[in-house]
Amino acid sequence: MRLLIVEDDADLAHAMASAFAKRDVRCDLARTAGDAELLIQTVNYAAIILDLGLPDENGLALLRRLRAYKRMEPILVLTARGEGEMRVQGLDSGADDYIVKPFLFPELHARICAVLRRQGGYVEHLLAVGDLSLDTRTREVRVGGEPADFSEREAELLELLMRRSGHVLSKRVIEDQLFGSGDMLGSNAVEVYIHRIRRKLDSLAAQVRLKTVRGIGYILLNS
């Protein structure tokens, strides 16, 4: 999972990113609304954490603009301004939730999980499709109850596919969630990982099928 943190306080932004990293969540950072908008145009994020006090414009303006563009990523507003009127403005502008500084990271993480749970993604720790299972905390993959050897990056891709099982996952989303905006990757990196996973699943006689939907993406099916 990849989040975007829009926060001009570099120390706070890095502290949040570090805390999320310990929970296997990747984060991109933006210090201005302009930088955030550029990233959002090129990367599909699972959710956005948005500070209101940005140096180039009020975060509410960016929030309203994103919603006007029909961008539907969950957005959690983060601000030092906790007055009731500000909360109402944030929610009315399209925020999915609101948290006031100072805050405890476990609360921020819980709120992100709650927002994603309402949208149907990213929070379950134990995933299963057919006889394939994955513990997202330990990255342990099992087929038919037996441990299977998958690299960490392969397990991350498998997690994305399992969370969207039965639905096509586009190459673009895989690139964004697995590699992000700052990672260097070859043009066929996704195809290479898909090939490795499919080969391992086939060799283990897993009761799942990983299909390529030409020109669109990939889908994991319970066979």
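In what follows, the structure referred to is the one given above.
Quick notes on the rules
Residues numbered from 1 in each chain as written. Predicted model: local features only at pLDDT ≥ 70, side-chain atom pairs only at ≥ 80, totals over all residues. Heavy atoms only, no water. Phe/Tyr/Trp six-rings, centres within 6.5 Å; stacked < 30°, edge-to-face > 60°. Helix = DSSP H or I, 4+ residues; strand = E, 2+ residues; numbered from the N terminus. Buried < 20%, exposed > 50% of the residue type's maximum accessible area, 1.4 Å probe, protein only. Lys NZ or Arg CZ within 6 Å of the ring centre and 35° of its normal. Core = buried A, V, L, I, M, F, W, Y, C linked by side-chain atoms within 4.5 Å. Contact = heavy atoms within 4.5 Å. Pairing = 2+ DSSP bridges. Axes fitted to C-alpha atoms, helices over the stretch in contact; angles between N-to-C directions. Salt bridge = Lys/Arg side-chain N within 4 Å of Asp/Glu carboxyl O.

*Asks:* Honestly, the packing of aromatic side chains in this entry has me stumped. Any pointers?
*Replies:* Geometrically, a pair of aromatic rings is defined through the distance of the ring centres and the angle of the planes. Under the counting rule described, the total for this entry stands at one aromatic pair. Summarising the aromatic geometry, the rings of Phe 20 and Phe 105 are spaced 4.8 Å apart at their centres and angled 80° between planes, so their arrangement reads as edge-to-face. Of this pair, Phe 20 sits in helix α1 (residues 10-21) while Phe 105 sits in helix α5 (residues 105-118); the two residues are 85 residues apart in sequence, bridging distant segments of the chain. Classification of Phe 20 by relative accessible area gives buried; the value is 0%. Here the basic side chain of Arg 196 rests over the ring of Tyr 193, its NZ or CZ set 5.2 Å away from the ring centre. It is Lys 200 that lies over the ring of Phe 150; its NZ or CZ is 5.3 Å from the centre.

*Asks:* Which parts of the structure should I look at to understand the nonpolar core?
*Replies:* Buried together is how nonpolar side chains tend to be arranged in soluble globular proteins. Counting residues in each nonpolar core, the largest one holds 30 residues, and the members touching the most others are Leu 132, Val 141, Leu 157, Leu 161, Met 162, Leu 201 and Leu 220. Among the secondary structure elements, those contributing two or more residues to this core are β6 (126-129), β7 (132-135), β8 (140-143), α6 (152-163), α7 (171-178), α8 (189-203), β11 (208-213) and β12 (217-222). Leu 157 has contacts with Ile 174, Leu 178, Tyr 193, Ile 194 and Ile 197, leaving out every residue within four places of it along the chain.

*Asks:* Explain the sheet that holds β11 to me, please; I cannot follow it from the model alone.
*Replies:* Strands in a sheet are paired, the pairing made by backbone hydrogen bonds, and the direction either parallel or antiparallel. The strand order β10-β12-β11 describes an open sheet built from three strands, whose pairing is antiparallel. Edge positions in the sheet fall to β10 (169-170) and β11, since each has one partner strand and no second. With respect to the sheet, α8 is in contact with β11 and β12, its orientation differing from that of β11 by roughly 150°.

*Asks:* Is there a simple way to explain the sheet that holds strand β2 (residues 26-30) in this structure?
*Replies:* Spatial strand order, β2-β1-β3-β4-β5: five strands in an open sheet with parallel pairing. Two strands close off the open sheet at either side, each with one partner strand: β2 and β5 (97-100). Taken pair by pair, the neighbouring strands of this sheet meet at an average axis angle of 20°, ignoring direction. The pairing of strand β4 (residues 75-79) with β5 spans four bridges and is classified as parallel. For Leu 78, the partnering residue across the bridge sits in β5 and is Ile 99. Across the sheet, α5 is in contact with β3 (47-51), β4 and β5; its angle to β5 comes to roughly 175°.

*Asks:* For this particular structure, what's the right way to read the pairing of β11?
*Replies:* Every other side chain in a regular strand lies on the same face of the sheet, so the side chains alternate between the two faces. Alignment of β11 against β12, held across six bridges, turns out to be antiparallel. Residue pairing for β12: Val 208 is matched across the bridge by Asn 222.

*Asks:* Explain the pattern of salt bridges to me, please; I cannot follow it from the model alone.
*Replies:* Within this structure, the stated rule accounts for 16 salt bridges. The closest approach of N and O atoms between Asp 28 and Arg 2, which form a salt bridge, is 3.0 Å. One end of the pair, Asp 28, is in strand β2; the other, Arg 2, is in strand β1 (residues 2-6), and 26 residues separate them in sequence. Note on accessibility: Asp 28 and Arg 2 belong to one class, buried. When the shortest N-O distance is used, the salt bridge between Lys 171 and Glu 191 registers 3.0 Å. Of this pair, Lys 171 sits in helix α7 while Glu 191 is found in helix α8, placing the two residues 20 residues apart along the sequence. Judged by relative accessible area, which is 25%, Lys 171 ranks as partly exposed. The partly exposed category is assigned to Glu 191, whose relative accessible area is 31%. Among the ionic contacts, a cluster of salt bridges with common partners joins Glu 7, Asp 51 and Lys 101.

As far as function goes, none of this settles anything; it's purely spatial.
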